[in-house]
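Observations on the three-dimensional arrangement
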Amino acid sequence: MSNPDLIRSYWRDFIDGSHILHHQGVVDAYGHLSFRHPLKSGVFVMSRNIAPATISLPDDLVEYWIANAEPLDPNSASGYAERHIHSEIYKRHANINAVVHSHSDAVIPYTIMSVALRACYHMAGFLGAEGVPVYNITEYLEQGDLRDMLVRNEHLGNALARFFDDGNSVTLMRGHGFTTVGDSIQQAVLQAVYTQHNAAIQTAALTIGASSASMTPRAAPSSIQYLTKEEAQAAADMTKWSSGRPWKLWTREVEASGLYVNSA
Ligand SMILES: [Zn+2]
């Protein structure tokens, strides 16, 4: 594949991925996807500051320096306030090629409660058996930082990026949302979608457990049988090799919808 064809295929996947994240309810007007530029060292790509569902043209995409999250072209349209989530993850982790950041309703409760989000089923083995870590931005704020929960600068982004040091795939963000990383756009999108599904499943299971305990007060509280470490690892491998199937389905779904346009 020639270089122009290669970058165009990334643009297409990026725009499809942004539409899929919206169609699946993982992002609304907020939230974003990015990818490491496959040809330009030290550069990543995300859209200008618009809702992911409305990204449609290569002109909607902006190239940023990983070093400081500033656009290569200083005359570029304004970018997302939270670009440092992406730049700092690419800076710290050479093996990460795509990042999704979401404010999913289903996931938020696990960012503000002491119940850990854990792999409940085979499609979310990448969440692991131990529980997904939670980034509490309050611990990293410095003088002058706004208290709006957004990751607005290098030191807040760097603190978040460190949560991926041990090969972790997903980090929850207190009172805000979550960020997931992958070695491809497809993998990051798949993890974002199934993180949301897993959160809904875990909430349903916890609700059943709580209601059954209230109905039979003397019975031992029913506990969730999460995936074991071994099961979670094997399931994570499975979703990696099978990720082409949901990607094809989800791409067809957004192509068939009148809302989304991909002109790349
Ligand atoms: Zn955010």
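The name given to the protein in an unreviewed UniProt entry is Class II aldolase and Adducin domain-containing protein, and the organism recorded there is Lasiosphaeria miniovina.

**A few points about the coordination of the zinc ion**
The zinc ion binds to the protein through E82 (OE), H101 (NE2), H103 (NE2) and H176 (NE2); the donor distances cover 2.0 to 2.1 Å. For the zinc ion, the 4 donor atoms are set out with angles of 96 to 141° between them, so the coordination reads as irregular. One chain supplies every donor for the zinc ion, spaced along it as E-x18-H-x1-H-x72-H. Taken together, the residues E82 in the loop between β3 (61-65) and α2 (83-92) and H176 in the loop between β6 (170-173) and β7 (177-182) connect sequence positions 94 residues apart. Overall, the relative accessible area of 8% leaves H176 in the buried class.

**A closer look at the pairing of β6**
On β6, burial covers both faces: V170 and L172 on one face and T171 and M173 on the other are all buried. Bridge analysis of strand β5 (residues 134-135) against β6 gives 2 bridges, and the strand direction is parallel. Note that in β6 the partner of Y135 across the bridge is M173. Crossover connection from β5 via helix α4 (residues 154-161) to parallel β6: handedness right-handed. Two strands pair when backbone bridges link them, and β6 and β7 are joined in this way by 4 bridges, in the antiparallel orientation.

**Some remarks on the sheet that holds β6**
Here we have 7 strands laid out as an open sheet, ordered β3-β2-β1-β4-β7-β6-β5, and mixed in their pairing. Of all the strands in the sheet, just β3 and β5 have a single pairing partner and so form its edges. Lying on the sheet, helix α1 (residues 3-23) is in contact with β1 (32-36), β2 (43-47), β3 and β4 (98-102); it crosses β1 at an angle near 160°.

**A short note on the nonpolar core**
Nonpolar side chains in soluble globular proteins tend to be buried together. Counting residues in hydrophobic clusters, the biggest one holds 46 residues, and the most contacted among them are F14, L21, L127, L172, I185 and V189. Elements with a contribution of two residues or more to this core: α1, β1, β4, β6, α5 (185-215), α6 (229-241) and α7 (244-256). The element contributing the most residues to this core is α5, with 8 residues. Counting 22 residues, the second-largest nonpolar core is a separate cluster that includes V62, V99, L160 and A161.

About the criteria used
Residues numbered from 1 in each chain as written. Predicted model: local features only at pLDDT ≥ 70, side-chain atom pairs only at ≥ 80, totals over all residues. Heavy atoms only, no water. Donors = N, O, S within 2.8 Å, 3.2 Å for Na, K, Ca; no water. Tetrahedral: all angles 85-135°; square planar, octahedral: opposite > 155°, others 65-115°. Helix = DSSP H or I, 4+ residues; strand = E, 2+ residues; numbered from the N terminus. Buried < 20%, exposed > 50% of the residue type's maximum accessible area, 1.4 Å probe, protein only. Pairing = 2+ DSSP bridges. Right-handed = clockwise from strand over helix to strand, strands pointing away. Contact = heavy atoms within 4.5 Å. Axes fitted to C-alpha atoms, helices over the stretch in contact; angles between N-to-C directions. Core = buried A, V, L, I, M, F, W, Y, C linked by side-chain atoms within 4.5 Å.

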